[in-house]
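Descriptive structure summary
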Amino acid sequence: RALVARIMYRDDLTDLLSRTRGRAAGPRLRALLERERGSTLTRSEAEERFLALIRRGGLPRPEVNARVENYEVDFLWRSHGLVVEIDGFRYHATRRAFEHDHRKDTTLRAARLQVLRFTPEQVQENGHSVVVDVARGLWNRPN
C-alpha cells in the first residue's frame, strides 16, 4: 500500500527491512519485495492496460515506477531515453499536480529524456495509436 500510495519507495522498504531484523512482519515484507523484483507493480488499471499493450505490441519491457532525476516515472526505457507517464484526471487535475508535472517534464527533458504522456482514455480507446507513439519514441530518439 505504501508503494502504491507513493508514501514510500522500494529502496525505503529495503532499508527498513535491513533495520528491523527479527520483526514478525519482516519475512512477509521480504517475500513481497522479492516477488516484485524488477518492478512490474503498477498503480492503476490504466497502467496495467498500458503495460499489456506494450507486451502485445512486442515492444521492449520498460522499468516500472523507476526513479530518474529525483522523480518517479511510470515507465522508463533507460537505454532509449524514453519516459511514459499515464495521467489520470483524478491525480493530475489540481494546480499543484499541474505545476509538479511541468517541473518534472522540464527536469527530465534537461536530462535528455523524451517524455510522452497518455490519459487512461487514450490507453483504453486508442491502444494501437499509443503503441505506435511509444514505438516512435523508442526508435526515433531526439538529439
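One can find the structure itself at the top, above this paragraph.
This text gives an overview of the structure that appears in the document. As the structure is a computational prediction, the values presented were derived from the model and not from experiment.

**Things to note about the overall build of the protein chain**
- Secondary structure assignment for the protein chain yields seven helices and four strands.
- Put simply, the protein chain runs from its N terminus to its C terminus through helices and strands in the order α-α-α-β-β-β-α-α-β-α-α.
- Here the protein chain, with 143 residues, has 36% of them falling under the buried criterion.
- In the protein chain, the proportion of contacts linking residues at least 24 apart, taken out of those at least 6 apart, comes to 54%.
- Per element, the accessible surface of the protein chain, about 9,400 Å² overall, is 49% carbon and sulfur.

**Let's talk about the packing of helix 3 (residues 45-56) against helix 7 (residues 127-139)**
- Relative orientation of the contacting elements helix 3 and helix 7 amounts to 70°, with a least axis distance of 10 Å. In terms of their interaxial angle, helix 3 and helix 7 are classed as roughly perpendicular. Classified by chirality, the crossing of helix 7 by helix 3 is right-handed. Only Gly127, Val130, Val131 and Val134 of helix 7 make contact with helix 3, whose side of the interface consists of Phe50, Leu53 and Ile54.

**Quick notes on the sheet that holds strand 2 (residues 71-77)**
- In space, the four strands of this open sheet follow the order 1-2-3-4, with mixed pairing throughout. Bordering the open sheet on either side are strand 1 (63-68) and strand 4 (114-118), each of which pairs with just one other strand. Going from strand to strand, the sheet's axes swing by 45° on average, the running direction of each strand aside.
- Sheet topology note: the strand 2/strand 3 (residues 82-86) ladder contains three bridges and is antiparallel. Looking across to strand 3, one finds that Trp77 is bridged to Leu82.
- Of the strands in this sheet, strand 1, strand 2, strand 3 and strand 4 touch helix 5 (residues 95-110), which is tilted by about 55° from strand 2.
- The strands touched by helix 7 are strand 2, strand 3 and strand 4; relative to strand 4, the strand with the most contacts, the crossing angle is about 175°.

What counts, and at which threshold
Residues numbered from 1 in each chain as written. Predicted model: local features only at pLDDT ≥ 70, side-chain atom pairs only at ≥ 80, totals over all residues. Heavy atoms only, no water. Helix = DSSP H or I, 4+ residues; strand = E, 2+ residues; numbered from the N terminus. Buried < 20%, exposed > 50% of the residue type's maximum accessible area, 1.4 Å probe, protein only. Contact = heavy atoms within 4.5 Å. Areas by Shrake-Rupley, 256 points an atom, 1.4 Å probe, with all protein chains shown as cover. Axes fitted to C-alpha atoms, helices over the stretch in contact; angles between N-to-C directions. Parallel < 35°, antiparallel > 145°, perpendicular 65-115°, else oblique. Left-handed = near helix turned anticlockwise from the far one by under 90°. Pairing = 2+ DSSP bridges.

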